[in-house]
Amino acid sequence: MTKRSKPGRMAEFERYAEGRHHWVAASMVGSAVSSVLSVVPFYYIWKIVGEALDAGDPDVMIGYGWSAMLFAVLSISVYIASLVVSHFAAFRIAKNMKKTLVEHALKLSPGAFDDEGSGRIRRVIQDSVESTHEFIAHNQPDLAGTYVLPFAIVALLLVFDWRLGIAALVPVLIGGYVSMSMMGKSSMQESMTEWQSSMADVNNKAVEYVRGISVVKVFQQTVDSFQSLKGSIDSYARYCQGYTEMARRPMTGFFVLVNSCVLFVVMFGVVIVEFIEGGAVSNILISNVVFYAVFTPLISVLMMRIMFSSDQTYRVDDALMRVNEILSMKPLEEPSVPQMPESFDVRFEGVRFSYSDDLAPAIDGVSLELKQGTITALVGPSGSGKSTMAGLAGRFWDPQEGSVSIGGIDLREIGSGNIRSLESFVFQNNRLVKGTLLDNVRLGRPEAGPEEVAEALRMAQCDDIVAKMPDGLDTFIGPGGTYLSGGEVQRIAIARAILRNAPIVILDEATAFADPENEHLIQKAFEELSKGRTVLLIAHRLTTVRNADMVCVMDHGRIIESGRHDELLLSEGKYRDMWEDYQRTLSWKVKEVSA
Ligand SMILES: Nc1ncnc2c1ncn2[C@@H]1O[C@H](COP(=O)(O)OP(=O)(O)OP(=O)(O)O)[C@@H](O)[C@H]1O
Ligand SMILES: [Mg+2]
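All values derive from a computational prediction rather than experimental measurement.

(A) How the structure looks around the sheet that holds strand S5 (residues 409–410). Across the sheet, which stays open at both edges, the 4 strands sit in the order S2-S1-S4-S5 with antiparallel pairing between neighbours. Bordering the open sheet on either side are strand S2 (363–370) and S5, each of which pairs with just one other strand. Of the pairings in the sheet, the one linking strand S1 (residues 346–353) to S2 comprises 6 bridges and is antiparallel in character. Within S2, the position partnered with Val346 by the bridge is Leu370. Contacts between helix H12 (residues 386–393) and the sheet are confined to S1, S2 and strand S4 (401–406), with S1 contributing the most and set at about 120° to the helix.

Structure (structure tokens):
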């Protein structure tokens, strides 16, 4: 990750601040002022102690007391006000950042939201906005205060007694200088960067590990099976050990010197008494020594806080980088005048597509026509490119070569909006949204009434699902609601597509639902859905393709055979092998059941 310069970071926030970027600066100034004000009460307390030691006027002491109180209250009030201001700025920046991201995400084609992508985009929107809020609302003003406070304390020390002030600062300065020169400023920065990337590596590997944890548990593997996570933890541990060893001497020296400032102050006090004030110990000198002993170590604490503040900037830089990564994902180009086809055959012509420049093509020169009102089935081994074909038919991505058209018009001319109204999708892994059964089916056509939804459910063979819903269509399903099996979810997705009533249907059959009852119902639901429509059916169970008007066998992104089921069986090619294998697995199942 490249480290962002401070003006660069602020300029980025300015884009989202809608005029409130000055508020960020104002909150930092406010917090700095509050830091300065926060040391003033100690000045008055010092005055009170001085008066008391000299048996001074009680009224004057009470006056000082009130002044101390006033400045303490003022300091807290200014701090609170600056936090209010920083929160106003942070809310606006975070809100606009979220809005920009969501609006951009909505413009992206569905291809950007594959399994990995949708989770990633959601996480970026949530986490980046959160860390930006934290940075603007809290870290920035606090950091400004932390930077100013050591100067205010030094000024105070010099005001009390400049000679003792210098004596107290000598060990802090020597300590700072010695530790810096032993560790080296550049090596400090290098170490910080190294630490951050090492942390990021552990985090990424841990996320990967957690994602796969169910598999690890099922196969009773140990952490050792995740060599890469273990490797990154080991290298992080090695880094920490090395850094600790490198920093041990300079840091010990620094802390010993800083905390020995009391000794310096006392020694210097003795020198002052002996040589300057002729042996007389004044009360004020004693009180000064006590104050110095309390205050000086604070400077080192603040310096440490500043040294470790880069952790927060690292987090927000990381968040900004992820936000920009998403914003740089280009939406597909849309036509200025979207065309609407009048017929609905779908044609692939010389299509070549790869998911990214450095990957082999997932579709490698495919030409195929899905005739209007017919069923075309795609079969083939896993990874042969079937789902990719479905995505290309829905313009989730544009092919790098060749074209996909509906009714003779290129999808790029039809535009994403029209394509969505022409096509219904039933995906391989359908998802339910948080809501009722009605909401979930109505996603197909939001203006549909409850009767139409009920009819679509009936046509999609969902009577058994509706029957077990305690509140009928108004029952909450999906996450946190009534549980539905994979086969049931697939039927609800088919009901959604039936309700949509689009002329083209693309159905990526789920592999996981072997339960024969569900399989039979899905098959019937699919028959309802395909009536009179142009259908692209991606089939894993070959029984479902027997009635297709055309079957295409895919392998390595190409169509290697095509024809009707019975024609393909006669041709003794890959399809026949697949069919024979499939028959064998069916007979195994039958044997298992009868056994
Ligand atoms: N989002 C993606 N990014 C990169 N590569 C991908 C992506 N999706 C699929 N691929 C790759 O493209 C190729 C075709 O994948 P596709 O999903 O189309 O196969 P499939 O025939 O549908 O397989 P299955 O039967 O397992 O569903 C595979 O090599 C796959 O690894
Ligand atoms: Mg697939």
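(B) Examining the nonpolar core more closely. In this structure, Ala377, Ile494, Ala495, Leu537 and Val551 are the most contacted members of the largest nonpolar core, which totals 66 residues. With residues near it in sequence (within four places) discarded, Ala377 still touches Leu537, Ala539, Val545, Ala548 and Val551. In terms of nonpolar packing, the next biggest core, distinct from the first, is built from 49 residues, Ala32, Val258, Val265 and Phe268 among them.

(C) Fine view of the site of ligand 1. Surrounding ligand 1, one finds 12 residues, the nearest of these being Tyr355, Ala362, Ser382, Ser387 and Thr388. Looking at the shell around ligand 1 residue by residue, the class counts come to 3 nonpolar, 7 polar and 2 charged.

(D) Inspection of the domain arrangement of the protein chain at higher detail. Here the protein chain is described as being made up of domain 1 (7–148), domain 2 (161–328) and domain 3 (346–594). On a C-alpha basis, the centroid separation for the pair domain 1 and domain 2 is 22 Å. Sorting elements by how many residues they give to the side of domain 1 that touches domain 2 places helix H4 (residues 115–160) first, with 11 residues.

Conventions and cut-offs
- Residues numbered from 1 in each chain as written.
- Chains lettered and ligands numbered in written order.
- Predicted model: local features only at pLDDT ≥ 70, side-chain atom pairs only at ≥ 80, totals over all residues.
- Pairing = 2+ DSSP bridges.
- Helix = DSSP H or I, 4+ residues; strand = E, 2+ residues; numbered from the N terminus.
- Contact = placed C-beta atoms within 7 Å.
- Axes fitted to C-alpha atoms, helices over the stretch in contact; angles between N-to-C directions.
- Core = buried A, V, L, I, M, F, W, Y, C linked by C-beta atoms within 7 Å.
- Buried ≥ 20, exposed ≤ 12 C-beta atoms within 10 Å, placed from the backbone.
- Near = placed C-beta within 6 Å.
- Nonpolar A, V, L, I, M, F, W, Y, C, P; charged D, E, K, R; others polar.
- Domains from an automatic or database assignment.

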